[in-house]
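Here is how the chains run, residue by residue.
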Amino acid sequence: MFKRILKIALLVIGATFLFAIPPTLYIFISYYHQLEAEVVARFSGQRWNIPSRIYSDSLLVYPGSSLSDVGFFQRLARLNYHRVDAGQVATRGEYSYDKARGQLVLFLHSFAYPYRNESGEIVQLNLKGESIVSMEDPATHRPIYSFELEPELISGIFQGDWQQRRLVRLSQIPPAMIDAILAAEDHRFYEHHGIDIVRTIKAAWIDFTSGHTRQGGSTLTQQLMKNFFLTPQRSYKRKIKEALMAYIAEQRYSKDEILENYINDIYLGQRGQEGIYGVWEASEFYFSKEPRDLTIGEMATIAGMISSPNRLSPLKHPEAARQRRDEVLASMLQDGYISKAAYDVAVAELMHPREVYTENNDAPYFVDYVKKELSERYPPSVLSAEGLRIFTTLDVHTEKLAEHAIEHNLSELEAKHPKLLRREEKDKLESCLISLEPQSGKIRAMVGGRDYQQSQFNRVVQSKRQPGSVFKPVTYLAAFQETLDGGPQKFLPTTYIEDAPFTWEYGDMSWTPNNYKDRYFGHVTLEMALEESLNSATARLANDVGLDRIRAMAAKLGFGDLPAYPSIILGGIEVSPIQVAQAYAIIANDGLQVHPYAITAVVDENGKVIEGHEFTAEQVLSPELAYMMQFMLEQVINHGTGAAVRTMGFTRPAAGKTGTTNDEKDAWFAGFTPDLLTVVWTGFDQKEVLGLTGAQASLPAWTNFMKAATASRPPIDFTIPPSLVDERIDPLTGDKAGPNCPMSIEGVFPVALAPTTVCPENKAGGAVTEDGHAATSDLPDAIVDPND
Amino acid sequence: MRPLSTAVLAFTFAALASLSISTRTSALQAPAGGPNKEVFAFNEESIPGADLTPTATPTPAAGAASSPGAPGPSNAAAASPSAAGSPASGGSPVAAASRAESPAAEPTDIPPAIDIGSIAPTLRVSDQPLDRMLAAAPNPARGASLRICEQARQEIDAGHYDEAIRDLGRSISIDPSNSYAYVYLGRAYILKKDYKQALTFLGRAAAGLGADPVWRAEALAFEGLAYEQAGQPTDAFNAYQQALAITPGNLTARVGATRLAAYSQPSNAATPAAEDGAAIPGAPPSGPAPGAPASEPPPTAPDASPSD
């Protein structure tokens, strides 16, 4: 019997070996190969999707700059520079400010610009108040004439989560950093083969006795496999798979390769929506340093965070971070990575909570604009995964001024005019602003609406609204162009035209433009007609010049091919604010068209510039024509419908035009100094009646913005071309006004058309009016209620 | 016989080659103490500082020493158009250094000179370091802008035109009223052979430099050069004349006008009064676009009246 049972048992065992184990082995081997293929594919291919980063423009700092005017300290904060005591600036990313002594010492970050690398130097700024008097190297006292404060990160392009990392080689990381990581996470990294059996059994025993999965016994390799392939879920099945993959990785790849992947992969915290991955990003984020500049204590801090980055953040929980850091330092000492002396120094390092700038979607409308432009040239897979760096023209300080100006203006308007209040977000009063440099074409600020979270509709580029009187300069330009071309009619700023009710017959239709409140001023100069935005006078001028010339001028200025009906001259078309900005920029830039642009350079992850911007221009208008219009638009601000600019305290040379549509649904102000142009629009998206003029609704935002935005720039005046002359003339005779002429007005003339004889009224002792717009019986008074 | 004929051929070839090399290098050397030779060259490629500056390139911050003396007629020389137009005469700094050391060659194909009197020619101001202008900068932004211009000037000298253009864009962004930057932009685009763009920027420079006649003349002189390179000799001649009307000593304009004397118009001596149908000074040029084949010259009047 016993023999029989034994025989059966042996038979069963034999059958098991014969029939069960081979298939099991086969299944296991297949599974092993499958995992191996996954591991190899992951290690061989692109291991991470590196998001693209969008940067602002850099800031050139030079003696004469005012720290407050350029928002210097706010920029330092956004760039994660942190302040230390005077005399303590020792590493990149630190600065000290001794207000009493008037000294600011700044250790610049290293930065890879598109066409050069800057390694980060120390600069001492010698100040008088807030102004930089001089700059020098504090060690050698070598004068420094200028330096660049690096661009700010304003956004990223990514799919899914924003995992920001900078890939580095193991050799780029200080050995002490590696030691700290090993001490914190895997003492026996170089001894095991992917799985630390001792540690695993210990962890399993703890889990078993506690009744649930509590402790991880994972090696670095296992952690890497988990991050690459697996979920964070803790289960036995996942642990087995993880262990097997770790073993496979160790068989296929060297310890250094595994370690290199690990230091680039690990999650180390959060900055807003941006996840911080890899030791390089962590080093810059927490300590504003490159890894090579970290102290032992700082390295231990980062290493200690790996197990729980948010709970052990030195920024938010410095005490917990310090305790963990000290544990890591103790391990490093025990493992012989550091000496006792180094340990003593490291544990004595203080850890302070520090504010870190976490906003990473500055200028959202501008970022959308940039992304749209990029998407026309690069596929999404490249933009979100290949670590491009996109450098733009945006100035974050100027952008914030613009956002504030728009927000403040809308609040003021709604407070002053409660009828403008709306309950639903989508119905609320809206406004937008674009600001650019006419000479360089750089878009410096773009605000597409009052609240991006409520509406991503970028009114600067996407909205088409009637421009109203901001379109009027086109007619005057066409008229002056005819004169400069030697045409039979002579139109100059001081040419007279009739401002009286007028009907324009065309085909079998007619059009009768009305002045504001039906007020007409009779015989006026073209200068005054534009200053006071007189519809009738402008229409009459347009009729004289001809619609074809006006349409040709409009096309030159970028408004496209407009229909041939008279109402276009008063803005009876639809345009976007950026089109208006582009047209006015030509006038501001002495007739040169420099296309507005947002992207300066695109750089790949290897530092190669794959796209740049070439500075080109086209002479669309002659400098003379442009200056004549600059002159006219200056009078609008100095005397006309835009005079509130002056009463609000903006004193720089400036030119501009108000615009209100006939139905009072759109309010515009487009204006410029010689170096900055800004267009503001206000209205309802649903085209409800606003009931306010451009001077009332948009001019205040323009003025408040420009006062702040130009504060850092020297005041410069418009430059008259050599072939024009600026003359005061007798308005009655057109002759040159002598010092004793009873009245005079200012005008600009081509040299060949300038008056040469002095007016006959120039008698000694006669009264002289300084203000060329003082009325005579033939000239109207300035209009109190502006007609746009 | 074969070795002998081979030797004779080789000797002949070597002799011709060495003769060609010595002729070429001698054509491009600036005489000691003389002006930049490049002003005599037909092709702008051999003109800018990188190619043909004298061996003592001025750079020190304390102020550059300008080349002393004026050239006498005997020092005048020009590379032949074919040599100047060859690829080897491009903006290579190494080639520039070797060319600068060779003796001058005799000119060829120069049209009859215009007698412009005994006015001493001025050195090209845009080749000189901007130290004095920096010291006299009216405001910090202008100073910062001019420093970048100086950097761009050196980049142009070194043949790095794209870098110079980028820097000049930056310079203009810092101080848009710095019209000097446009002069260098024009020069850089001439060197890139984008004459249309060069003329755009040089025109802008000329319009903005009314208060600095020397530099305005410089801008106009380079306009002349750009027109010349673009195959518009009449416009070029007019631009040179405008430059000379302001600064008779402008060397670029003097030599350019001399070179193009054959294309001068007989009736463009005085500034005509404006009449109906006549273009007003300052109107946009109505001639063919740069780069188009030269055609019947349009009736343009000279721009500015002489300043002295």
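Residues numbered from 1 in each chain as written. Chains lettered and ligands numbered in written order. Predicted model: local features only at pLDDT ≥ 70, side-chain atom pairs only at ≥ 80, totals over all residues. Heavy atoms only, no water.

1. Focus: the overall build of chain B
Rules: Segments assigned H or I by DSSP are reported as helices when at least four residues long, segments assigned E as strands when at least two residues long, and all are numbered from the N terminus. Only protein chains enter the accessibility calculation, which uses a 1.4 Å probe. A residue is then buried if its area is under 20% of the maximum for its type, exposed if over 50%, and partly exposed in between. Any pair of residues with heavy atoms lying within 4.5 Å of one another is described as a contacting pair.
Looking only at helices and strands, chain B has twelve helices and zero strands in total. Counted from the first residue to the last, chain B has its helices and strands arranged as α-α-α-α-α-α-α-α-α-α-α-α. When the 308 residues of chain B are sorted by exposure, 49% land in the buried category. Taking the intrachain contacts of chain B between residues at least 6 apart in sequence as the baseline, contacts between residues at least 24 apart amount to 70%.

2. Re the overall build of chain A
For clarity, the threshold we go by: Only C-alpha atoms enter the radius of gyration; for comparison, a globular chain is expected to reach 2.2 Å times N to the power 0.38, where N is the number of residues. Working definition of accessibility: Shrake-Rupley area with a 1.4 Å probe, residue cover restricted to the visible protein chains.
Looking only at helices and strands, chain A features 24 helices and 30 strands. Computed over the C-alpha atoms, the radius of gyration of chain A is 36 Å, more than 25% above the 28 Å expected from 2.2 N^0.38 for a compact globule of 788 residues. For chain A, the spread of C-alpha atoms along the principal axes amounts to about 140 × 65 × 45 Å. Here chain A holds 788 residues, and the buried ones make up 57% of them. Within chain A, residue pairs in contact and separated by at least 24 positions form 69% of the contacts whose partners lie at least 6 positions apart. Accessible surface for chain A amounts to roughly 33,100 Å². Of this, 53% is attributable to carbon and sulfur atoms.

3. Re the confidence of the model for chain B
Residues and elements named next belong to chain B. To be explicit about the condition: Confidence of the prediction at every residue is given by pLDDT, a number between 0 and 100.
Within chain B, residue pLDDT values average 65, and 45% of them lie at 70 or more. Within chain B, helix α8 (residues 180-191) carries the highest mean pLDDT (97), whereas helix α2 (residues 49-52) carries the lowest (33). Below pLDDT 50 for its whole length, residues 19-107 participates in 153 contacts with residues either more than four positions away or in separate chains. A low-confidence stretch, residues 268-308 stays under pLDDT 50, and its non-local contacts, those more than four residues away or across chains, total 52 contacts. Here the complex is predicted with pTM 0.78, and the ipTM for its interfaces comes to 0.82.

4. Let's talk about unusual backbone geometry
Residues and elements named next belong to chain A. Phi at Ser-533 takes a positive value of approximately 55 degrees, unusual for a residue other than glycine. Turning to its location among the elements, Ser-533 is positioned in the loop between α17 (526-531) and α18 (535-545). Non-glycine residue Lys-687 carries a positive phi angle of around 60 degrees. In this structure, Lys-687 sits in the loop between β28 (677-684) and α23 (694-697). Residue Lys-687 is classed as partly exposed on the basis of its relative accessible area, which comes to 37%.

5. What to know about the environment of Gln-251 of chain A
On the secondary structure map, Gln-251 of chain A appears in helix α6 (residues 236-252). Spatially, the C-alpha atoms of Gln-251 of chain A and Glu-36 of chain A are 9.8 Å apart, while their sequence positions differ by 215 residues.

6. Quick look at the domain arrangement of chain A
Many authors give the size of an interface as the accessible area that is lost as the parts come together. Residues and elements named next belong to chain A. This is how it is decided: Domain start and stop points were drawn from an automatic or database domain assignment. Reported buried area values correspond to the accessible surface (1.4 Å probe) lost by two parts on association, with both partners' losses combined. Note on definitions: salt bridges are taken to be side-chain nitrogens of Lys or Arg within 4 Å of carboxyl oxygens of Asp or Glu.
The domain architecture assigned to chain A consists of domain 1 (2-45), domain 2 (56-157) and domain 3 (162-348). The C-alpha centroid of domain 3 is placed 34 Å from the C-alpha centroid of domain 2. Opposite the twelve residues of domain 2 that make contact, domain 3 presents ten residues. Both faces considered, domain 2 and domain 3 share a buried interface measuring about 780 Å² in area, 45% of it formed by carbon and sulfur atoms. Summed over the shared surface of domain 2 and domain 3, the number is one salt bridge.

7. Focus on a nonpolar patch on the surface
Rule in force here: For patch detection, residues must exceed 30% relative accessible area and be free of salt bridges, and they are connected within 9 Å for like charges or within 5 Å for nonpolar side chains (Val, Leu, Ile, Met, Phe, Trp, Tyr).
A cluster of nonpolar side chains, Ile-13, Phe-17, Ile-21, Leu-25, Phe-28 and Ile-29 of chain A, forms an exposed patch at the surface whose accessible area comes to about 570 Å². Its place among the elements puts Leu-25 of chain A in helix α1 (residues 2-44).

8. Digging into the packing of aromatic side chains
Here is the rule: Pairing of aromatic rings covers Phe, Tyr and Trp, the last counted by its six-membered ring, and requires centre-to-centre distances within 6.5 Å; plane angles under 30 degrees mean stacked, over 60 mean edge-to-face, and any other angle means tilted. Only Lys NZ and Arg CZ are tested; either one counts as a charge over a ring when it is within 6 Å of the ring centre and within 35 degrees of the ring normal.
Across all of its chains, the model carries 25 aromatic pairs over all chains by this definition. On the numbers, 5.2 Å between centres and 15 degrees between planes, the contact of Tyr-55 of chain A with Phe-391 of chain A is stacked. With Tyr-55 of chain A in strand β1 (residues 52-55) and Phe-391 of chain A in strand β15 (residues 389-392), this residue pair connects regions lying 336 residues apart in the sequence. In this structure Tyr-55 of chain A comes out as buried when scored by relative accessible area, which is 7%. Accessibility expressed as a relative area gives 4% for Phe-391 of chain A, which makes it buried. Taken together, the ring pairs connect Tyr-55, Phe-111, Tyr-113 and Phe-391 of chain A into an aromatic cluster. Stacked on the ring of Tyr-113 of chain A, the Lys or Arg Arg-116 of chain A has its end atom at 4.2 Å from the ring centre. Its guanidinium or amino end placed over the ring of Tyr-145 of chain A, Arg-147 of chain B lies 3.5 Å from that ring's centre, counting from NZ or CZ.

9. Remarks on the state of the cysteines
Residues and elements named next belong to chain A. The condition that has to hold: Cysteine sulfur atoms are paired as a disulfide whenever they come within 2.5 Å of each other.
The final tally for this structure, using the stated rule, is one disulfide over all chains. Between the sulfur atoms of Cys-741 and its disulfide mate Cys-759 the distance is 2.0 Å. Taking the torsion about the S-S bond as the criterion, the Cys-741 to Cys-759 disulfide, at about -115 degrees, is left-handed. In this pair, Cys-741 sits in the loop between β29 (724-729) and β30 (745-750) while Cys-759 sits in the segment after β30, placing the two residues 18 residues apart along the sequence. Overall, Cys-741 belongs to the buried group, its relative accessible area being 1%. Owing to a relative accessible area of 3%, Cys-759 belongs among the buried residues under this scheme.

10. Considering the packing of helix α6 (residues 140-157) of chain B against helix α7 (residues 161-174) of chain B
Residues and elements named next belong to chain B. Operational definition: Geometry is summarised by axes, namely lines fitted to C-alpha atoms with helices restricted to the contacting stretch, and by angles between N-to-C directions that run from 0 to 180 degrees. Oblique is the label for any angle not covered by the other classes, which are roughly parallel (under 35 degrees), roughly antiparallel (over 145) and roughly perpendicular (65 to 115). We call Asp, Glu, Lys and Arg charged. Ala, Val, Leu, Ile, Met, Phe, Trp, Tyr, Cys and Pro are nonpolar, and the rest, Gly among them, are polar.
Viewed as axis vectors pointing N to C, α6 and α7 meet at an angle of 170 degrees, and their least axial separation amounts to 8 Å. On the basis of the axis angle, α6 is roughly antiparallel to α7. Within the contact between the two elements, α6 uses Ala-141, Ala-144, Ser-145, Ile-148, Cys-149, Gln-151, Ala-152, Glu-155 and Ile-156 and α7 uses Tyr-161, Glu-163, Ala-164, Asp-167, Leu-168, Arg-170, Ser-171 and Ile-174. Class assignment for the residues of the contact of α6 with α7 results in ten nonpolar, three polar and four charged.

11. Regarding the pattern of salt bridges
Residue and element names in this part refer to chain A. The final tally for this structure, using the stated rule, is 52 salt bridges over all chains. For Glu-36, the salt bridge identified is with Arg-252, shortest N-O distance 3.3 Å. Residue Glu-36 is located in helix α1, and its partner Arg-252 is located in helix α6; the two are separated by 216 residues in the primary sequence. On the accessibility criterion, Glu-36 (16% relative accessible area) is buried. Taking the relative accessible area as the measure of exposure, Arg-252 reaches 44% and is therefore partly exposed. Residue Arg-322 is joined to Glu-319 by a salt bridge in which the shortest nitrogen-to-oxygen separation is 2.6 Å. With a gap of three residues between them, Arg-322 and Glu-319 both fall in helix α10 (residues 318-334), about one helical turn apart. Take Arg-322: its relative accessible area is 27%, and that puts it in the partly exposed class.

12. Brief notes about the interface of chain B and chain A
What counts is decided by this rule: Any pair of nitrogen or oxygen atoms within 3.5 Å is treated as a polar contact; in protein, a donor-acceptor pairing is required on top of that, and neighbouring residues in sequence qualify only through side-chain atoms on both sides.
Between chain B and chain A, the contact holds 40 residues from the first and 44 residues from the second. Buried surface at the junction of chain B and chain A, both sides included, amounts to about 3,100 Å², of which 62% is carbon and sulfur. On inspection of chain B and its partner chain A, the count reaches three salt bridges. For the pair chain B and chain A, the interface holds six residue pairs in polar contact (both at pLDDT 80 or more). Every element with two or more residues in the side of chain B that touches chain A is listed here: α6, α7, α8 and α9 (195-208) of chain B. Counting residues per element, the side of chain B that touches chain A draws most heavily on α7 of chain B, which supplies eight residues. Partitioned by chemical class, the residues of the side of chain B that touches chain A number 20 nonpolar, ten polar and ten charged.

13. Looking at the environment of Phe-222 of chain B
Position of Phe-222 of chain B among the secondary structure elements: in helix α10 (residues 213-229). Between the C-alpha atom of Phe-222 of chain B and that of Ala-243 of chain B, which follows or precedes it by 21 residues, the distance is 9.2 Å.

14. Focus on the side chain of Glu-185 of chain A
Residue and element names in this part refer to chain A. Put simply, the test is: Charge assignment: positive for Lys and Arg, negative for Asp and Glu; neither His nor the chain ends contribute.
Examined against the element boundaries, Glu-185 turns out to sit in helix α3 (residues 175-185). This buried residue, Glu-185, is left without a salt bridge; Arg-324 holds the nearest opposite charge, at 4.0 Å. A distance of 2.9 Å separates the side chain of Glu-185 from the side chain of Gln-223, its partner in a polar contact. Not counting residues up to four positions away in its chain, the partners in contact with Glu-185 are Arg-199, Ser-218, Leu-220, Gln-223, Tyr-262, Ala-303, Ile-306, Ser-307 and Arg-324.

15. Looking at the sheet that holds strand β11 (residues 153-157) of chain A
Residues and elements named next belong to chain A. Here is the rule: We call two strands paired when DSSP finds no fewer than two bridges between them.
Read from one edge of the open sheet, five strands run β11-β1-β15-β23-β24, paired in mixed fashion. Strands at the two margins of the open sheet, each flanked by one partner only, are β11 and β24 (609-612). With strand direction ignored, the average angle separating the axes of adjacent strands in the sheet is 20 degrees. The sheet contact formed by β1 and β15 spans three bridges and is parallel. Along β15, the bridge assignment pairs Arg-53 with Arg-389.

16. Topic: the sheet that holds strand β14 (residues 274-277) of chain A
All names here are of chain A. Across the sheet, which stays open at both edges, the three strands sit in the order β12-β14-β13 with mixed pairing between neighbours. The open sheet is flanked by β12 (162-165) and β13 (267-271), the only strands paired with a single partner. Ignoring which end each strand starts from, the neighbouring axes of this sheet average 30 degrees apart. In the sheet, β13 pairs with β14 via three bridges, with the strands oriented antiparallel.

17. Things to note about helix α21 (residues 623-638) of chain A
Note the cut-off: To estimate the expected span of a helix, subtract one from its residue number and multiply by 1.5 Å.
When the terminal C-alpha atoms of α21 of chain A are compared, their 22 Å separation across 16 residues agrees well with the 22 Å that a helix rising 1.5 Å per residue should span. For α21 of chain A, the buried fraction is high: 15 of the 16 residues fall into the buried class.

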